[in-house]
Amino acid sequence: MSKLDEFLAGERHDDVALFLTEAYLDSQGKLPKMGETVESGYVLVVPGDDGRRAFASGTGMDAMEFARGAMNERGHVSRTLDGGECPEADADDAGDHEVEFIFAFSEAQNEEVGGLYERGEVVHAYAHCACGASYSDKWVVGEETETGVQPGGSEPVEGSE
Ligand SMILES: [Zn+2]
């Protein structure tokens, strides 16, 4: 099992996952070569502090600030963290809406919080689009198709909480 597989299975709550496309890395430069190459880019699963540093050096942005900015806009993020569907794409079909990078972390199940958190471990994913928009998705591990924003959708299927 790769680190990414473990992360996606909710087994690495202390780590963060970063995805960056090859094109973005080629244009922006520098991320320590410590991740795994996937089909459309590069994925890094590392302890939180290292991940936030890597995110800052790879994107020039603060990870938590980026996440806060992306939080209010919902859009589908691939459950394997290697793509997404920009919510701005409908209004501006001519634009380039490729995902440039994704930042993700997971949380342990927490029955006291209720909602999604009661159902299981939750993966939070924040994506940045080539058009400049940022958006977020979150889903329950093991219920990837029953929670969060599904492909083609714009709202979480479990309803807002
Ligand atoms: Zn876009």
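Residues numbered from 1 in each chain as written. Predicted model: local features only at pLDDT ≥ 70, side-chain atom pairs only at ≥ 80, totals over all residues.

### Describing the sheet that holds strand β1 (residues 15-21)
A sheet is described by the order of its strands in space; here 6 strands give the open sequence β2-β3-β1-β4-β5-β6, paired in antiparallel fashion. Edge positions in the sheet fall to β2 (36-38) and β6 (134-140), since each of these pairs with one other strand and no more. Averaged over all pairs of adjacent strands, the angle between their axes in this sheet comes to 20 degrees, without regard to strand direction. Both strand β5 (residues 122-129) and β6 contribute to a ladder of 7 bridges, which runs antiparallel. Note on β6: the bridge partner recorded for Val122 is Val140. (Pairing = 2+ DSSP bridges. Helix = DSSP H or I, 4+ residues; strand = E, 2+ residues; numbered from the N terminus. Axes fitted to C-alpha atoms, helices over the stretch in contact; angles between N-to-C directions.)

### A look at helix α4 (residues 63-70)
Looking only at α4, the buried set comprises Ala63, Ala67 and Ala70. Within α4, the buried residues cover an arc of 70 degrees as seen down the axis, which keeps them to one side. (Buried ≥ 20, exposed ≤ 12 C-beta atoms within 10 Å, placed from the backbone. Arc of directions from axis to C-beta.)

### Description of the pairing of β5
In terms of burial, β5 is a largely internal element, 7 of the 8 residues being buried. The pairing of strand β4 (residues 99-107) with β5 spans 8 bridges and is antiparallel. Bridge pairing in β5 places Ile102 opposite Ala127. Adjacent in sequence and paired antiparallel, β5 and β6 are bridged by 4 residues, among which Gly132 carries a positive phi angle near 105 degrees.

### Description of the environment of Ala70
Along the chain, Ala70 turns up in helix α4. With 24 C-beta atoms counted inside 10 Å, the residue Ala70 sits in the buried group. Distance from Ala70 to His128, taken between C-alpha atoms, is 8.0 Å for residues 58 residues apart in sequence. Ignoring anything within four residues of it in the chain, the contact list for Ala70 reads Tyr126, Ala127, Ser134, Tyr135 and Ser136. (Contact = placed C-beta atoms within 7 Å.)

### Some details on the pairing of β1
The side chains of a regular strand alternate, residue by residue, between the two faces of the sheet. With 7 of 7 residues buried, β1 lies mostly within the body of the structure. What you see with β1 is no split at all: Asp15, Ala17, Phe19 and Thr21 on one side and Val16, Leu18 and Leu20 on the other are buried throughout. Here 7 bridges tie β1 to strand β3 (residues 41-47), and the two strands are oriented antiparallel to one another. Among the inter-strand pairings, Ala17 is bridged to a residue of β3, identified as Val45. As paired elements, β1 and β4 share 5 bridges and run antiparallel to each other. When the sheet's bridge partners are listed, Val16 is paired in β4 with Phe105.

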